[in-house]
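Observations on chain architecture
Take a look at the letters that make up each chain.
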Amino acid sequence: MKASNDFSIIAGINRLIHEPARMAVISLLSVVEESDFTFLMNSTGLTQGNLSSHLTKLEEAGYVEIEKTFKGKRPHTVARLTDTGQKELNQYIKTIKEFLSYF
Amino acid sequence: MNNNITGKTLERKTYRMLYRDGIFDLSFGSMLIIYSINMYLYINNIDTPFIMRILLVPIVIALSLVKIFITQKRIGYVKFKRSRNKKRLISFIVATSALMFTTIIYILAVKGKMDASDKNEWLHLLIEFIFLVSVFFLLAYFTEYNKFYIIGLAMGFGSPVSKYLEPYLGTRYYGLALVFIIGTYLLASGIILLIIFLNRYPETVNNES
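Residues numbered from 1 in each chain as written. Chains lettered and ligands numbered in written order. Predicted model: local features only at pLDDT ≥ 70, side-chain atom pairs only at ≥ 80, totals over all residues.

**Things to note about the overall build of chain B**
Broken down by element type, chain B carries eight helices and one strand. Its helices and strands taken in sequence order, chain B reads α-α-α-α-β-α-α-α-α from the N to the C terminus. The burial tally for chain B puts 22% of its 209 residues in the buried class. Partitioning the contacts of chain B with sequence separation of at least 6, the portion at a separation of at least 24 is 69%. (Helix = DSSP H or I, 4+ residues; strand = E, 2+ residues; numbered from the N terminus. Buried ≥ 20, exposed ≤ 12 C-beta atoms within 10 Å, placed from the backbone. Contact = placed C-beta atoms within 7 Å.)

Structure follows, in structure tokens:
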């Protein structure tokens, strides 16, 4: 039953990372040490509301660590990828590569 | 289409975002223009006005202030990993050494301490070409600033071109015209990039939550 095993690879993929907007955020955070909200917004092209909601989901899953401070009167949000987030991303890439190798 | 986006490629692309505001083009362009004008005056034994000698300092300060207070606020803050800082340090060392070495070579050549008119002239030009191209290619690699590849080639060809132009110009300018042209090109592209950047990334009301 090799075929069903092959399909089960993609069925078991991490759906939290698989969503395109979150994929963009998590990928960017994986190549830098940390980034603020504005840079993430400019790099990914997401709107403030969208980015905020995706960051919250990633934070709740423990993939991203959020630090909220104030710069003068303005809020300043800095995000960084946690070890769990990095591990999950590595696993996600491995799974996708494995699945795509069938094509 | 190259779909092979690895973490390394993504990091490089992210790093290149920092050049989008054109400040680096403006700084490097100003440096080349001021350098070429100063060297031109020096070659022709014309007294360099004091303001010309120190002009780069206020320009770099002004551009740094623009970067800190205008463009960085719009593009946002990002801290790269340690490997990037290492690359930055290597770039700084390469650039400083190259600038010092090139200045010494230029002054020696202008003062006639280096005989460039003997039979080894082409060898000198070849060494100069290899040196300039290598330095700028190294800088391009470490800084991710792709224009350094073009600048390196243009600079490398500067001296052979000036050798050919010497009979027509009467004086050997050691590729200074090319340095000036490249500087002007960078200055112009920096202004255009800055305008595009300011339009593309307006200062937004921050509703981070």
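**Topic: the environment of Ile 61 of chain B**
All names here are of chain B. Among the secondary structure elements, Ile 61 is positioned in helix H4 (residues 56-75). The exposed category is assigned to Ile 61, around which 10 C-beta atoms lie within 10 Å. For the pair Ile 61 and Ser 27, spaced 34 residues apart in the sequence, the C-alpha separation amounts to 9.7 Å.

**Quick look at helix H2 (residues 23-43) of chain B**
Two residues of an α-helix separated by three or four positions point the same way, owing to the 3.6 residues in each turn. All names here are of chain B. Between its first and last C-alpha atoms H2 spans 30 Å; for 21 residues at 1.5 Å apiece the expected length is 30 Å, and the two agree. Listing the buried residues of H2 in full gives Ile 23, Asp 25, Leu 26, Ser 27, Phe 28, Gly 29, Ser 30, Leu 32, Ile 33, Ser 36 and Met 39. Looking one or two residues past H2, Asn 45 carries a phi angle of roughly 50°, positive in sign. (Expected span 1.5 Å × (residues − 1).)

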